Amino acid sequence: MSLDQPAGRQPDHPVAPQFPARWSPRSFTDRTVTEVEVMSLLEAVRWAPSASNHQPWRLVWARRGEDGFATIHSALASGNQVWARQAAVLFAVASKDTVTNREGAEVANRTAGFDTGAAWMSLALQARAMGLAAHAMGGFDKDKLAAAVGLPDGHTLHCVVAVGEQGSAEALPEDLRAREKPSGRKPMAEIAVHGRF
Ligand SMILES: Cc1cc2nc3c(=O)[nH]c(=O)nc-3n(C[C@H](O)[C@H](O)[C@H](O)COP(=O)(O)O)c2cc1C
């Protein structure tokens, strides 16, 4: 995969190139990903920040060709199944809902989802640094995926992430081919204001 800045991702202000350069393609080549590479992707997850360093993220992964890959894949929405079957590795990303407080009671971890979002982004940026692409999917059957990965009680599934080497748009079915391009962004004024909403 080219590590160049993709067209249509011109930032309005100076920013580290890794941010606009990351995007979510759907086409993946036949290249497999080794277990060593998977550990590097997960190492990036480990180092994500979290409230009180609780590290609530929990991931299940499987590589293409493994039984676990087929079960995670079967829980995806049909529109995602079409392209995600070619991913080299799928990660089901979940988080633990609670933390143990000083009195030893299990209490809700209000920031578990927020923290796990940071962890997925770490994985995505690490993937790109390794010449790979990552694409998150919220389109999945919650119960089916929970059963597929043996989700323990007290955990929430957030997304499935497909990782692989980016392939050519031509390899995709026609409807997806047209969508295989980096997206733009809302103007700055719509997402942040100085001082007060
Ligand atoms: C939590 C989450 C869920 C998403 N769900 C899907 C999905 O089910 N299918 C899909 O094709 N893309 C999905 N995406 C990808 C987004 O559409 C994509 O990130 C967004 O359009 C911005 O494009 P970019 O990642 O290329 O910058 C998801 C992304 C996130 C972060």
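Read on for a plain summary of the structure. The model shown is predicted, which means the values in this text are computed figures rather than measured ones.

### Examining the nonpolar core
Trp83, Leu90, Met137, Leu145 and Val160 are the most contacted members of the largest nonpolar core, which has 22 residues in total. Every element with two or more residues in this core is listed here: helix H3 (67–74), helix H4 (78–84), strand S2 (89–96), strand S5 (133–137), helix H6 (142–149) and strand S6 (155–164). Contacts of Trp83, omitting those with residues within four sequence positions, involve Pro25, Arg26, Phe28, His135, Met137, Ala162, Leu172 and Leu176. Formed by 21 residues, the second largest nonpolar core is a distinct cluster that contains Val33, Leu41, Val45 and Cys159.

### Here's the deal with the sheet that holds S2
Overall, antiparallel pairing links the four strands, which are arranged S1-S2-S6-S5 in an open sheet. What marks the edges here is a single partner per strand, and that holds for strand S1 (57–63) and S5. Each strand axis lies, on average, 25 degrees off the axis of its neighbour in the sheet, ignoring direction. Note: S2 against S6, eight bridges, orientation antiparallel. Across the sheet, residue Val89 finds its bridge partner in S6, namely Val163. The sheet contacts of helix H2 (residues 35–46) involve S1, S2 and S6, and relative to S1 the element is tilted by about 165 degrees. Strands in contact with H3 are S1, S2 and S6; relative to S2, the strand with the most contacts, it is inclined by about 70 degrees.

Each value, and the rule that gives it
Residues numbered from 1 in each chain as written. Predicted model: local features only at pLDDT ≥ 70, side-chain atom pairs only at ≥ 80, totals over all residues. Heavy atoms only, no water. Core = buried A, V, L, I, M, F, W, Y, C linked by side-chain atoms within 4.5 Å. Buried < 20%, exposed > 50% of the residue type's maximum accessible area, 1.4 Å probe, protein only. Helix = DSSP H or I, 4+ residues; strand = E, 2+ residues; numbered from the N terminus. Contact = heavy atoms within 4.5 Å. Pairing = 2+ DSSP bridges. Axes fitted to C-alpha atoms, helices over the stretch in contact; angles between N-to-C directions.

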